[in-house]
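Close look at the chain arrangement
So you can see what is in the structure, the chains are spelled out below.
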Amino acid sequence: TDKKHLTAMNINFTTLALWLTGCYMGVTVAMAVDFAAGIWKARRMGVMRTSRRFRQTALKAGRYFLPMVCLSCVDILTFSLLKVPVFTLLMSVFNIFCEWRSVMESTHDKKEIARTAQALAALARNKDNPVLAISELLRLIEGGSQAGD
């Protein structure tokens, strides 16, 4: 029975390790995407990429991963009760959401977001009449290009 118990504990801790690895990998990938989007935006705008901005990414990683490590310790202590690292998972979801918002800010300016919202509203208003929907979309596009976009 001791051997079965140890095997069950190994399986449980392997599951915990997989969950935690997934959480950390998700945040790491989200940060990499945000980093790439930031470089893309800087290149598109002709802004020089400086080491100060790169250091900010490293500092952000510290702000994300230090609390996650602390919460991972809590999850390890509570794993026999919860079976899923709830605290680390919630923190990683929050961090990934923050990175997603940052990517959206990097890849879309406010005018593009407003124009997209108008286009979606036009499609929703005219969902039953595709001809009217297309004509309204074309009107929005022409209005945007006349405004100097």
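Residues numbered from 1 in each chain as written. Predicted model: local features only at pLDDT ≥ 70, side-chain atom pairs only at ≥ 80, totals over all residues. Heavy atoms only, no water.

Along its length, the chain carries five helices and zero strands. Burial analysis of the chain (149 residues in total) assigns 21% to the buried set. Carbon together with sulfur atoms contributes 69% to the accessible area of the chain, which is approximately 10700 Å² in total. (Helix = DSSP H or I, 4+ residues; strand = E, 2+ residues; numbered from the N terminus. Buried < 20%, exposed > 50% of the residue type's maximum accessible area, 1.4 Å probe, protein only. Areas by Shrake-Rupley, 256 points an atom, 1.4 Å probe, with all protein chains shown as cover.)

The subject of this paragraph is the confidence of the model for the chain. Mean pLDDT over the chain stands at 80; residues scoring 70 or higher make up 79%. Confidence over residues 145–149 falls short of pLDDT 50; this stretch has three contacts with residues more than four positions distant or in other chains. (pLDDT = per-residue confidence, 0-100. Contact = heavy atoms within 4.5 Å.)

What follows covers the state of the cysteines. Tallying each qualifying case throughout the model produces zero disulfides. Cysteine C73 remains unbridged, with the sulfur of C70 as its closest cysteine sulfur at 6.4 Å. (Disulfide = S-S within 2.5 Å.)

A full pass over the atoms with the stated rule returns four aromatic pairs. Both rings, one in F35 and one in F54, keep their centres 5.4 Å apart while their planes meet at 50°; by these two values the pair is tilted. Taken together, the residues F35 in helix α1 (residues 2–45) and F54 in helix α2 (residues 51–82) connect sequence positions 19 residues apart. Judged by relative accessible area, which is 33%, F35 ranks as partly exposed. (Phe/Tyr/Trp six-rings, centres within 6.5 Å; stacked < 30°, edge-to-face > 60°.)

Evaluated as defined, the whole model comprises two salt bridges. The residue K60 makes a salt bridge to D34 at a minimum N-O spacing of 2.6 Å. A residue pair is termed long-range when its members are at least 10 positions apart, and K60 in helix α2 and D34 in helix α1 qualify at 26 residues. Assigned by exposure class, K60 and D34 land together as buried. For E99, the salt bridge is made with K60, and the minimal N-O distance between the two is 3.2 Å. Within this pair, whereas E99 is found in helix α3 (residues 86–107), its partner K60 is found in helix α2, the two being separated by 39 residues in sequence. With respect to class, E99 is no different from K60; both count as buried. The network of salt bridges with common partners includes D34, K60 and E99. (Salt bridge = Lys/Arg side-chain N within 4 Å of Asp/Glu carboxyl O.)

Quick look at α2 now. Maximal helix bending in α2 amounts to about 45°, located at I76. Taken together, the buried positions of α2 are K60, A61, Y64, M68, S72, D75 and F79. K83 occupies a position one or two residues after α2 and carries a positive phi of about 65°. (Bend = angle between axes of the 7 residues up to and from the residue.)

Our next topic: the nonpolar core. In this structure, C23, V27, M31, A61, Y64, M68 and M91 together form the largest nonpolar core, which totals seven residues. If you list the elements that add at least two residues to this core, you get α1 and α2. (Core = buried A, V, L, I, M, F, W, Y, C linked by side-chain atoms within 4.5 Å.)

All right, on to the environment of M104 then. The topology assignment puts M104 in helix α3. A C-alpha to C-alpha distance of 8.8 Å links M104 and A37, two positions 67 residues apart in sequence.

A separate point is the environment of V33. Along the chain, V33 turns up in helix α1. Residue V33 is classed as partly exposed on the basis of its relative accessible area of 44%. Between the C-alpha atoms of V33 and E99, which are 66 residues apart in sequence, the distance is 8.2 Å.

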